[in-house]
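One letter stands for each residue in the lines below.
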Amino acid sequence: MQALTSYGLSIIVFAPLLLALVMLFVPKANQKLLWVLAFAGTLIPAIPTLAMLATWASEPMRTEAAFKGMKFIQHVEWIKQIGVNYTMGVDGFGITMIALSVLLFPLALLASKGYIKDRIKDYLILFLILEVGTNGVFVSLDFMLFYVFWEIVLLPMYFLIGIWGGARREYAAIKFFLYTLIGSVIMLVGAIYLYLTTGVGDFNLLKMAAETSTLPITGLTTFAFFALLVGFAVKVPMFPFHTWLPDAHVEAPTPISMLLAGILLKLGSFAMVRISHPMLPQVAAKYATLLFVLGVISIVYAAAAAMAQKDFKKQVAYSSVNHMGFFIIALAAASYLSSNGQAGMAAVALAGGYFVTISHGLISPLFFFAVGMFYERTHTRDLGKLGGMFQTVPVIAFMTAFIAFANLGLPGLAGFIGEFIALTGTYPAFGLWVLVAGAGLVITAAWHLLTMRNVLLGEAKKEYAGLHDVTGKEKFIFAPLAVLILIFGVWPAPILNTLQESVNALAAVLGVK
Amino acid sequence: MPLPTIDWAAIVKPNYVYLLPEMIVVATMLIVMVTDFYVREKRLLVWLTVAGTVLAMIGVFFSATDETISSAIAAGAPLEFWGKMLVADSFTFFMKMVLLIVVALVTMLSIDYVEKYLKGMFLEFYEVLLAATLGMMFMVSSRDLITIYVGLELTSISSYILAGLLRKDPKSNEAALKYFLNGALASAILLFGVSLVYGFTGTTYLPDIAAGLGHVLQSGVAGTISLVITAMIFVTGGFAFKIAAVPMHLWAPDAYEGAPTPVTGFFSVGPKGAAFAAILRVFLVAFGASQLTKEWSLIWAVLATASMFIGNLTALMQTNIKRMMAYSSIAQAGYILVGVVASSAMGSPMGIGAVLFYVLAYALTNLGIFAVLTHMDQEGGWVKVSDFNGLSQRNPAYAWALLIFFISLIGIPPTAGFMGKFFLFRAAVGTQYLWLAIVMAVNSVISVGYYYGVVKAMFLEKSEREPLPVSFGVMATVAIAFIGVLLVGLWASPFINFTQMAAGLH
């Protein structure tokens, strides 16, 4: 147990890589072994994660400057001339994301089985490398390490969309790649500027933040903040940087859409709470209103855009932009409140906003999966052509309804909690403007109901007669996520408790003047 | 009569120890030439050349670790040999090492190509390659304008010959002629600049030039400043040609396209790397201390920006990969120039270290790419993007290696190119050239556009063609470059140490 938790983070990150390397030497024809290895690669990280969650409360929090507020530290010198270290650690923000990741990757892999038919070896290897990148981002405490993992995510994603995607896959894949890359190179320049300005000579995120958070607001620090923020906002994605997302989501194969929505978007939100906001809280506070406005636009615009779509999957894609908007407004509110001395309220907003990202991570993969189930059977995602599914495939239709209600924020399911707390926390900062975001909620609810009417209700269509209902594999993917959505919908305490200390710490940091 | 006792200490003076690598290269040239008369199996010449370059690397190691030489370096006053023509500082040794690695790799990757397309002109190819090597080694190790110029000419003339080695191919002929005519013009421009500098200072020895220019500029005679700047512009123009920086880049696409593929690979890293070393030496040592540093670094900054944009944007439109790589290497020259500009802020070895690191990373990466191109080149000089269709199914190892090399050129971790870009960013941001860093960042993204075309062809397109036969030389080069790119990227510490040591330019 001790070894499992003390080397846990490295295992979580590199076990998939190790298995991917082993798979390189397995012949293409031996598909069974390839699948076994791939499942091993995604399941091994779950073991240390569970061990860490089990010992989370008892594990002491570190207090040194380099690891402040973190647990399960790994620290090895890497490039000492420029102060780059292999430093890993997690706080509440990190461990929840890791837990989400080790849950979703095996499920998405299971969803790939039978769905992906050609070049299976390539697919599985890329799939595992993707997990290396995402898990690495969530545990990095060193900027360079973070950046390496951040970029590692790009390539496998490009290929996963570009090779196995839908009709316009090549366009979608390169659009995704370019958007993210331009964001991240500018981010690198911003980070290097901060590194040189502080003179700490260390890329440790926490040490850097301790210095940079007290820098005066100048043109250059403002540049650095936006360089970081835009790099992350592309991933979240936040209006106006969201246009890659509908394309990427629609063209990606179902399992990859699940991961995109469930994990990859969270890289952006996680990076904001880990890097851009703690590093330059003074600039963040100054531009909190701007961020809030962009968040509100994300919410309302994405909701309206979703309503206008004819493609089921595109609707769900836009709903991701919508939900992540709640995180953005909560974060903006938190930096506004903290800088005005209301750290307590800021913590509420932060907790709510972060909860949204977690609940969205549970709900949206499942929604994409539901769309995928329809697509596999009917070979269409056109809302005009689908219909009467309650008559044709009742169980799938029920599952879809459950997901849709979770996604629109029905009380009692996980989606509601986060949005409710986020709005509560945002209200003291921006007053009645929060109502505009509330309007987004109403539109969201409306299109969900309309879509359900179109797809699920009505007379059974002749051309879809005789479709087979849910399979065992699909149930197996659906069950764990649905159960968690239910549990966290009525009992959010486990997540909120895990987040508590980190949220308070961040709220305090955001108030640094 | 008693035999005279040989005083080894007198013979093996640092003079000769220092010149050991050059002497080994010359000896290899002679041995290769003589061997050619007697052996039928011409491939032996290749291995002799490789052995010679490896021995020369060992020679570099010996001369760098020689007690007299290394203690002088440690004391901050490196020794000079052969009438102050050559200097023994760590910068020299680093560059010699890099160039020898380049030559060894080019030699290996060209084996089958020479046999197949150059009709077995082993002697010509390797002899001239070694001559170019010798020129480059003098170019990087001198701090006298005359020796630098002689080294540069030896390299250039050898390069003209190499470009035209496909004698029956009009494109190759055109390449050689264009390269030669443009190169001659550029040499003239450079020489004119050198003559102006000599006119001001009465010397070609770089440290004396620095002192002389100081006097001239302080004398306050009307018009001196503009004349000195004119001289600098001429010198800049001459060197800009050698590194194919905009606006002196127009020869490069044609020369790169027409030259035999392994030679193109050599052009893109060898003479270019040596020219960068010479630029650093001339501008930092001779012009660095003068109050005109701002002016000449601005000139280079403008050239860097233009090279990056024009190189990358034009590369987007190419369908022939060799031409595309020509424009890519113009853009890469722009990136490296960012480091040159940053190092103009004297007292910051950050810039020099960044240039050296990037040159190393770029050399490894580009040679890897050209090894794969040599493999793909089945018509003796012409490689289309569409030739790469479905390579990931036909020769997966090469496809993945090429992907990693492209990633390295774009500057995405975990590769050598990323670390190189990182140091360039750091140097630029650290010396108040934030805008240059941003231009570079934007250009890195633009460059994705054309590499993407090849990657798309390799991985997303299908092809019915048969896998191409794999040659040992190419495979070994790809493997070495691949390991090198990842090693320098992931385990950068020792390489940073080397470049930092070498950044002590004198």
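Residues numbered from 1 in each chain as written. Chains lettered and ligands numbered in written order. Predicted model: local features only at pLDDT ≥ 70, side-chain atom pairs only at ≥ 80, totals over all residues.

Caption draft 1: Highlighting the overall build of chain A. Helix and strand content of chain A: 23 helices and 2 strands. Projecting the C-alpha coordinates of chain A onto the three principal axes gives extents of approximately 70 × 60 × 45 Å. Counting every position in chain A, which comprises 513 residues, the buried fraction comes to 61%. Sequence-distant contacts in chain A: of pairs separated by 6 or more residues, those separated by 24 or more amount to 79%. (Helix = DSSP H or I, 4+ residues; strand = E, 2+ residues; numbered from the N terminus. Buried ≥ 20, exposed ≤ 12 C-beta atoms within 10 Å, placed from the backbone. Contact = placed C-beta atoms within 7 Å.)

Caption draft 2: Layout of the overall build of chain B. Secondary structure assignment for chain B yields 23 helices and 2 strands. Relative to its length of 506 residues, chain B is compact, with a C-alpha radius of gyration of 22 Å against a globular reference of 23 Å. Based on the C-alpha atoms only, the size of chain B along its principal axes is roughly 75 × 70 × 45 Å. Every one of the 506 residues in chain B was classed for burial, and the buried ones make up 60%. (Rg over C-alpha atoms; globule rule 2.2 N^0.38 Å.)

Caption draft 3: Region of interest: the packing of helix α3 (residues 31-43) of chain A against helix α5 (residues 92-112) of chain A. Residue and element names in this part refer to chain A. Interhelical geometry of α3 versus α5 gives an angle of 160° and a closest axis separation of 8 Å. Viewed along their axes, α3 and α5 adopt a mutual orientation that is roughly antiparallel. At the point where α3 passes α5, the crossing takes the left-handed sense. Residue-level contacts link Ala38, Phe39, Thr42 and Leu43 of α3 to Phe105, Pro106 and Leu109 of α5. Of the residues contributing to the contact of α3 with α5, the split by class is 6 nonpolar, 1 polar and no charged. (Axes fitted to C-alpha atoms, helices over the stretch in contact; angles between N-to-C directions. Parallel < 35°, antiparallel > 145°, perpendicular 65-115°, else oblique. Left-handed = near helix turned anticlockwise from the far one by under 90°. Nonpolar A, V, L, I, M, F, W, Y, C, P; charged D, E, K, R; others polar.)

Caption draft 4: Representation of the nonpolar core. The biggest cluster of nonpolar side chains holds 407 residues, and the ones touching the most others in it are Val189, Ala333 and Leu350 of chain A together with Ala278 and Tyr358 of chain B. With 21 residues, the single largest contributor to this core is helix α17 (residues 343-378) of chain A. In this structure, this core is formed jointly by two domains, domain 1 (1-279) and domain 2 (287-513) of chain A, each of which donates at least three residues. Leaving out residues up to four positions away in the same chain, Tyr358 of chain B has contacts with Tyr335, Ile336, Gly339, Gly420, Phe423 and Leu424 of chain B. (Core = buried A, V, L, I, M, F, W, Y, C linked by C-beta atoms within 7 Å. Domains from an automatic or database assignment.)

Caption draft 5: How the structure looks around the confidence of the model for chain B. Counting all residues, the mean pLDDT for chain B is 88, and 97% of those residues have values of 70 or more. Note on the complex model: pTM 0.92, ipTM 0.89. (pLDDT = per-residue confidence, 0-100.)

Caption draft 6: Highlighting the interface of chain A and chain B. Taken together, the 23 residues of chain A in the interface contact 22 residues of chain B. Put simply, the parts of the chain that give the side of chain A that touches chain B at least two residues each are α7 (143-152), α8 (154-164) and α9 (169-198) of chain A. Here the side of chain A that touches chain B takes 13 residues from α9 of chain A, the largest share from any one element. For the side of chain A that touches chain B, the residue count by class is 18 nonpolar, 2 polar and 3 charged.

Caption draft 7: Quick look at the pairing of strand β2 (residues 84-90) of chain A. In terms of burial, β2 of chain A is a largely internal element, 6 of the 7 residues being buried. Taking the residues between adjacent antiparallel strands as the criterion, strand β1 (residues 71-79) of chain A and β2 of chain A are bridged by 4 residues, where Gly83 of chain A takes a positive phi near 70°. (Pairing = 2+ DSSP bridges.)

Caption draft 8: A look at the pairing of β1 of chain A. Both β1 of chain A and β2 of chain A contribute to a ladder of 6 bridges, which runs antiparallel. Opposite Lys71 of chain A, over in β2 of chain A, you have Val90 of chain A as the bridge partner.

Caption draft 9: Focus on helix α21 (residues 434-459) of chain B. Residue and element names in this part refer to chain B. The end-to-end C-alpha separation of α21 is 36 Å, in line with the 38 Å expected for 26 residues at 1.5 Å each. At Tyr451, α21 shows its maximal kink, close to 35°. Counted residue by residue, α21 has 19 buried out of 26 residues, so it is predominantly covered. (Expected span 1.5 Å × (residues − 1). Bend = angle between axes of the 7 residues up to and from the residue.)

Caption draft 10: Layout of the domain arrangement of chain A. All names here are of chain A. Looking at the assigned domains, one finds that chain A contains domain 1 (1-279) and domain 2 (287-513). Measuring from the centre of the C-alpha atoms in domain 1 to the corresponding centre in domain 2 gives 22 Å. Counting residues at the interface gives 37 residues for domain 1 and 41 residues for domain 2. Of all the secondary-structure elements, those providing two or more residues to the side of domain 1 that touches domain 2 are α5, α12 (244-251) and α13 (254-279).

Caption draft 11: Summary view of the environment of Ala163 of chain B. Residues and elements named next belong to chain B. Turning to its location among the elements, Ala163 is positioned in helix α9 (residues 145-163). Look at Ala163 and you get buried, because 28 C-beta atoms sit within 10 Å. Separated by 104 residues in the primary sequence, Ala163 and Phe267 have C-alpha atoms spaced 9.0 Å apart. Every residue in contact with Ala163, bar those within four places of it in the chain, is listed here: Ser172, Ala175, Ala176, Tyr179, Ala255, Gly258, Ala259 and Val263.

Caption draft 12: Expanded view of the packing of helix α8 (residues 122-141) of chain B against α9 of chain B. All names here are of chain B. Two elements in contact, α8 and α9, have axes whose closest approach is 7 Å; the angle formed by their N-to-C orientations is 155°. The angle between α8 and α9 places the two elements in the roughly antiparallel class. In terms of crossing hand, the pair formed by α8 and α9 is left-handed. Between α8, through Val128, Leu129, Ala131, Ala132, Leu134, Gly135, Met136, Phe138 and Met139, and α9, the contact on the second element is made entirely by Thr147, Ile148, Val150, Gly151, Leu152, Leu154, Thr155, Ser158, Ser159, Ile161 and Leu162. Looking at the contact of α8 with α9 residue by residue, the classes come out as 14 nonpolar, 6 polar and no charged.

Caption draft 13: Layout of unusual backbone geometry. Backbone torsion omega between Phe239 of chain A and Pro240 of chain A reads 0°, so that peptide bond is classified as cis. Counting through the fold element by element, Pro240 of chain A comes out in the loop between α11 (219-235) and α12. Unlike most non-glycine residues, Ala244 of chain B shows phi in positive territory, near 55°. Looking at the secondary structure, you find Ala244 of chain B in the loop between α12 (224-242) and α13 (251-258). Residue classification places Ala244 of chain B among the buried residues on the basis of 28 C-beta atoms within 10 Å.

Caption draft 14: Representation of helix α19 (residues 396-410) of chain B. All names here are of chain B. An ideal rise of 1.5 Å per residue puts 21 Å on 15 residues; α19 measures up with 21 Å between its terminal C-alpha atoms. Of all 15 residues in α19, 11 are buried; the element is thus mostly enclosed. Considered for burial, the residues of α19 that qualify are Tyr398, Ala399, Ala401, Leu402, Ile404, Phe405, Phe406, Ile407, Ser408, Leu409 and Ile410. Contacts made by the buried residues of α19 are with α16 (321-343), α17 (349-376), α18 (391-394), α20 (416-430), α21 and α22 (472-490). Remark: Gly411 follows α19 within two positions and exhibits a positive phi of approximately 100°.

Caption draft 15: Expanded view of the environment of Ile146 of chain B. For Ile146 of chain B, the location among the structural elements is in helix α9. Here Ile146 of chain B falls in the partly exposed class, since 13 other C-beta atoms lie within 10 Å of it.

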